[in-house]
Structure formats: C-alpha cells, structure tokens
Amino acid sequence: MNWEAVIGLEVHVQLNTRSKIFSGSSTAVGAEPNSQASLLDLGMPGTLPVLNREAVNKAVRLGLAIDARISRRCVFERKNYFYPDLPKGYQTSQLAEPIILGGEISLNLEDGSEKTVRLHHAHLEEDAGKSLHEDFHGMTGIDLNRAGTPLIEVVSEPDMHSAAEAVAFARKLHAIVTSLDICDGDMSQGSMRFDVNVSIRPRGEQTLGTRTETKNLNSFRFMEMAIHREIERQIEVVEGGGEVVQETRLFNGETGQARTMRIKEEADDYRYFPCPDLLPVVIEEADIEALRTDMPELPDARRERFAQQYGLSDYDAGLLSGERATAAYFEAVVAECGDAKQAANWINGELAARLNAGEIGIKDSPVNSASLARIIERVADGTISSKIAKQVFEACWQGEGSPDEVIESRGLKQMSDSGELERIVDQVIADNPDQVAGYRAADEKKQKKMFGFFVGQVMKQTGGKANPREVNRLLGEKLDG
Amino acid sequence: MALDRETVAQVAQLARLRLDETESAAVTDRLNEILGMVDELQQAEVADVEPMAHPLELAQPLRADEVTESDRRDDVMGLAPAEEGGCYLVPRVVE
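Residues numbered from 1 in each chain as written. Chains lettered and ligands numbered in written order. Predicted model: local features only at pLDDT ≥ 70, side-chain atom pairs only at ≥ 80, totals over all residues. Heavy atoms only, no water.

## Quick word on the interface of chain B and chain A
Part 1: Contacts between chain B and chain A engage 38 residues on the former and 55 residues on the latter.
Part 2: In total, about 4,000 Å² of surface goes out of reach between chain B and chain A, with carbon and sulfur atoms giving 58% of it.
Part 3: The closest approach of N and O atoms between B:Arg73 and A:Glu32, which form a salt bridge, is 3.8 Å.
Part 4: For the pair chain B and chain A, the interface holds 22 residue pairs in polar contact (both at pLDDT 80 or more).
Part 5: Elements that contribute at least two residues to the side of chain B that touches chain A include exactly α1 (5–14), β1 (62–63), α3 (73–77) and β3 (87–91) of chain B.
Part 6: With five residues, the top contributor of residues to the side of chain B that touches chain A is β3(B).
Part 7: Sheet topology places strand β2 (residues 51–52) of chain A next to β1(B); two bridges connect them, and they run parallel. (Contact = heavy atoms within 4.5 Å. Buried area = accessible area lost by both parts, 1.4 Å probe. Salt bridge = Lys/Arg side-chain N within 4 Å of Asp/Glu carboxyl O. Polar contact = N/O pair within 3.5 Å; in protein donor to acceptor, adjacent residues only side chain to side chain. Helix = DSSP H or I, 4+ residues; strand = E, 2+ residues; numbered from the N terminus. Pairing = 2+ DSSP bridges.)

Pasting the structure below:
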C-alpha cells in the first residue's frame, strides 16, 4: 500500500517581552528559581491579571507578517487542568475567539519547489512553570519563573506531508518570528517548542486518518526524527492489521524512542470558559496600522533583495536571508570587504560547517564579521592564498588573534614579487635536471601535465605561501625560456 | 437535559473532588436543577444577540511592558510544606 502522511504543527513561540503577560514579573532567563514569580504568577487569591500591551502588539505583528486576520476583539479563556507547575489550576489561553485567524506561510523546499502552508489560527496564552525531576530525592521541584511568560501558539492546517516539509515550515516560522523580533528564537532554552500531529492515509484518500500528537519537541532535528519514526510506526500498525489510537506521545531525542504519554482527553475535558478576570481585548484599527507601518524586512523580501542587490544565486540568497542574525552577519561582511560572492561562500561553507559542528549561533561565532571580511580582503589583495586563508580562519576560530596578527605571527604572507620566490624557482629547476630535460623534450600536451610537478615542488619549498600566479609565471619563463 | 451519576463522577474527577454516594446523589440533583434553569434560558430568542464574554461593556485595559515586581520568594516560600534549593517540592510527578 502506498501511504501518505498528513502533518499539522502546533508551535509555542515565547514572546520576548520584558515582563510577563499578566504580571509585572521579569521574564529574564537564568534567574534563581522562583525569584521571578509574583503573587499573581503563584495563583494567590485576590490577585488580578493585567494584560501586557507588548504581548498583544507582538501577536499582531506576527499576524501582519503571515497575512492573517487580526481579530478586532478577542477573548481569554480558562483551560482547566491540574499540574503542579500550573499554580492557578488553569492556563489562561484563548479558544473560541483567538487574536489571529488564518494566514499562511510559504516554504522553499530543498528540491527547489515552493509550497504554501495555511494556518488555522494563533492564540495568546501564558506559559507554565517548570517541573524538575532530578536532584530532589524522589520529589519533584517546581520553579515558577517561567509561569506567565507570554506565548503565542501557532496552529497550522494539516497541509504538510513529510518530515522535510514540517521542518521547512518550522524553520520558516523561526525565521519570521526572529526577523520580527518577537521571539529570541533560542531553541535550547525552549523559546520555540513544537507539537506534531501525524496521521496516515492511503494515497489519494480524502478523509483523514486517526492522528497522534507528539509533544514538546525543541529542535528541528528531533522533530524530523520524531515524525519519521511516527509515520513508520503508524504504517506498521495499520499494515499489521491494527488501528492507530488517538494519543499523546513523548519523544526522547537522546534515545530516538517515543512512547505513549496519555490517551487523548477530549477537548472539552479542559472545560474552557471565558476568564471572568479579564475583559474582552479590543484592538483598534489605528493601532494595527501603526504596527503595520513599522514592520521590519521579512525573510522572503530579504531573500529577493539579496539575490538582486548582491547578485547571489537563489540558493545562497535563501541560506543567508532566513535568519536575521545570519543576514546581518553577511551584510556586515559585505560592507567591510565588498565581495558578496566570497562572503556568501565563506558563510555558507566554512563558517556554517564550524557553527553547526559546535552548535554555536552565528552571533557567538569566534570569527566575527570584521575578521571574516579581513580574511577575504587579504586573499583579494594577494597577501595570502585562498588555501592559506582556510588556515587563517582556523587559527582565528581557535582564538589566536585577528587575521592580520595570525598572518604575521605564523609567517603566512604569500611570497609574490620578491626575489626570494625567484630563488626558490631556480633552485627547484637546478635540483631536478632530469625532469627539466624531460619537460623540454615533451610535446605541449605532456608539458601541461608535467608543469604541475614543478608547481608542487615550489609550493612544498615555500610551505604553500607562494602566490600561485607568480609561480606559474616564473616557472613558465624559466622552463620554456 | 439531565446529568446522570456517571457524568457527575467524571466531572468530579476532573475537578479532583471526592464525592461519596450521598454527596454524589445530592450534587447530581442540584446540578440538574441548575441545568433546568439553563434549559429555560435556552428557550429565549437569541438569534440577533452577540455571544457575551463578559457582562460589562468594557474593553481590557493594557499595561506597559515594564518589570514592576520584585523578588518575593522568601516571603512566600515559608508557606510551602516543602522546599529545597529555591524550588517548591511536590510528590514526584512524571508523565
């Protein structure tokens, strides 16, 4: 049987406000446990929530970026369930009247095709605290610093059909929210968390199969793994004569294993009802327009601009324009060195490889944009060869100093016009009389092949520092002459 | 519409309320009385009425995004039955 997977995503995006959505507590990460939990965050009786304007504004900015309908009026509701990291016994969320309705996100897939994923809605809600299961001798520790951090939950339509499409969607949303500066995008800190709904159906079938939900994936890689596994699992279940059960699953990225967390409760088990502590939120058209005029450049527009302004290939433009930090780094390098093509090659090549291997964000790159620009300049002005440039990059990465310092201290300057290079070329010719005789006797075609031997010898003698163009010129003169 | 005992037991479970047989019977009767009133309300003609999320004709005031709260942990943590390392302790919960 030929199966088609159907995938929908729910993405929790932490909004980067200074204070919480309903209280004046700080949202800064890394504070002492429970030092940023006010009486309201703790669910103390007698406290009342007051909505953070900036959380609303950031949600509206997202709505504008994805071409969605901004609700002029939205309503907070209580989602009731018991869990120790949810002190009030309910999460303040939205259901029937969310702040954002519809919208769409376009994806550029790796095979070069484009795809549009529709969004169902996005709603504002508060984050819960954290349950810590280690180090409390059989008890669970509760840290409520995160309780009340504003979230916007983005719910897609089930428009994706492979793990690759789902990951492309997740990356694009990441690029959009970081470009909008409504989320810091730090996945390792849980700033974006993905719930993945997966079902399968025979290809060509219109009705949806029973879906499962895998919760709380916090990296693109884990998400991809989890979706692959879940599609395989469902196919095995169905082809083995069984039925997929609607359930919530947990995926462990370390082991690559998923397991049942709970059989899905019905939605109304949360007994949503409008929160009596909060009035309906009214968003004025004028406020929406003010935010619209203040929209930053978004990934798609930036991609187009990079291709045009810098003459980059579609592929390079796509890689460089997605993340705001990468785009900023690229533009800083180009501003310094003026060579967009080289900047793109370095950033998408050497730099990307090193950052990925070390799981380092480009903002924290040991080689900053000024240093990379300097390396590119030093190749352009003939100070070093492009091969040596990789060594300089590596040394800078290891913290040996600025490119010029590394070139100086390691003696990497290319020999070009000096008599030194000519002396080495003469020496190589003198040391290899048989090869020289052979070369001079050979026809032009053979000569071309043999020429490389002499170049290699000169490079060996100079430790790779000879300017290749100079070497070719000198050798040509002396061998042919 | 009338609630049966099973539904009441399920709602009680969701609300973490422990009801014995007598309480459960009494609560079922009272809830059904309330639902009877709701049934009566359902008769009202509401085709032209917007659903109401709040009885007041007001909009939610918004506050500026400023940190106004200071650390109250020491005041509050003393109220907890168990704490360690700045965390509140609860019986182990693992999903």
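Next comes the rest of the account.
## Section: the packing of aromatic side chains
The geometry of an aromatic ring pair is captured by two quantities: the separation of the ring centres and the angle between the planes.
Residues and elements named next belong to chain A.
Part 1: Enumeration according to the criterion identifies 13 aromatic pairs over all chains in this entry.
Part 2: On the basis of an interplanar angle of 80° and a centroid distance of 5.3 Å, the ring pair of phenylalanine 22 and phenylalanine 76 is categorised as edge-to-face. Placement of phenylalanine 22 in the loop between β1 (3–14) and β2 and of phenylalanine 76 in the loop between β4 (73–74) and β5 (77–80) is noted, with a sequence separation of 54 residues between them. In terms of burial, phenylalanine 22 and phenylalanine 76 fall into one category: buried.
Part 3: These aromatic residues form a ring-pair network of at least three members: Tyr439, Phe451, Phe453 and Phe454. (Phe/Tyr/Trp six-rings, centres within 6.5 Å; stacked < 30°, edge-to-face > 60°. Buried < 20%, exposed > 50% of the residue type's maximum accessible area, 1.4 Å probe, protein only.)

## Digging into the domain arrangement of chain A
Part 1: Here chain A is partitioned into domain 1 (3–290), domain 2 (297–409) and domain 3 (418–480).
Part 2: Here the C-alpha centre of domain 3 of chain A lies 34 Å away from the C-alpha centre of domain 2 of chain A. (Domains from an automatic or database assignment.)

## Comments concerning the sheet that holds strand β11 (residues 139–143) of chain A
Part 1: In spatial order, the strands read β10(A)-β11(A)-β3(B)-β2(B); together these four strands make up an open sheet with antiparallel pairing. The two strands at the open ends of the sheet, each matched to only one other strand, are β10 (130–132) of chain A together with β2 (83–84) of chain B.
Part 2: Note that β11(A) and β3(B) share four bridges and pair antiparallel. Bridge pairing in β3(B) places A:Thr140 opposite B:Val90.

## Digging into the sheet that holds β5(A)
Residue and element names in this part refer to chain A.
Part 1: Read across the open sheet, the three strands follow the order β6-β5-β17; overall the sheet is antiparallel. Both edges of this open sheet fall to β6 (90–93) and β17 (273–274), since each of them pairs with a single strand only.
Part 2: Examined bridge by bridge, β5 and β17 share two bridges and lie antiparallel to one another. Its bridge partner being in β17, glutamate 77 is matched across the sheet by proline 274.

## Things to note about the nonpolar core
All names here are of chain A.
Part 1: Of all hydrophobic cores here, the largest spans 66 residues; its most connected members are Leu9, Leu62, Ile99, Ile152, Phe169, Phe194 and Met223.
Part 2: Top element by residues in this core is helix α2 (residues 163–179). It accounts for nine residues.
Part 3: With sequence-adjacent residues up to four places away left out, leucine 62 is seen in contact with Ile152, Val154, Leu173, Ile176, Val177, Leu180 and Ile182. (Core = buried A, V, L, I, M, F, W, Y, C linked by side-chain atoms within 4.5 Å.)

## Some points on the side chain of A:Glu126
Residue and element names in this part refer to chain A.
Part 1: For glutamate 126, the position within the fold is in strand β9 (residues 114–126).
Part 2: The class for glutamate 126 is buried, based on a relative accessible area of 7%.
Part 3: A polar side-chain atom of glutamate 126 sits 2.5 Å from a polar atom in the side chain of lysine 88.

## Points about the pattern of salt bridges
When charged atoms on two side chains of opposite charge get close, those side chains can pair.
All names here are of chain A.
Part 1: Inspection of the entire model under this criterion finds 38 salt bridges over all chains.
Part 2: Close ionic contact of glutamate 422 with lysine 478 constitutes a salt bridge, the shortest N to O distance being 3.0 Å. Taken together, the residues glutamate 422 in helix α12 (residues 419–431) and lysine 478 in helix α15 (residues 468–480) connect sequence positions 56 residues apart.
Part 3: The salt bridge involving glutamate 477 is made with arginine 473; its shortest N-O contact spans 2.8 Å. Highlighted residues: glutamate 477 and arginine 473, both in helix α15, separated by four residues, approximately one helical turn.
Part 4: Classification of glutamate 477 by relative accessible area gives partly exposed; the value is 46%.
Part 5: Residues joined in a network through salt bridges with shared partners are Arg374, Glu377, Arg378, Asp381 and Asp404.

## Some details on the packing of α12(A) against α15(A)
All names here are of chain A.
Part 1: Between α12 and α15, the shortest axis-to-axis distance is 10 Å and the interhelical angle comes to 50°. Comparing their axes, α15 and α12 come out oblique. In this structure, α12 crosses over α15, and the sense of that crossing is right-handed. Contact with α12, carried on its side by Leu421, Glu422, Val425, Asp426 and Ile429, involves Glu470, Val471, Leu474, Leu475, Lys478 and Leu479 of α15 and no other residues of that element.
Part 2: Tallied by class, residues from the contact of α12 with α15 come to seven nonpolar, no polar and four charged. (Axes fitted to C-alpha atoms, helices over the stretch in contact; angles between N-to-C directions. Parallel < 35°, antiparallel > 145°, perpendicular 65-115°, else oblique. Left-handed = near helix turned anticlockwise from the far one by under 90°. Nonpolar A, V, L, I, M, F, W, Y, C, P; charged D, E, K, R; others polar.)

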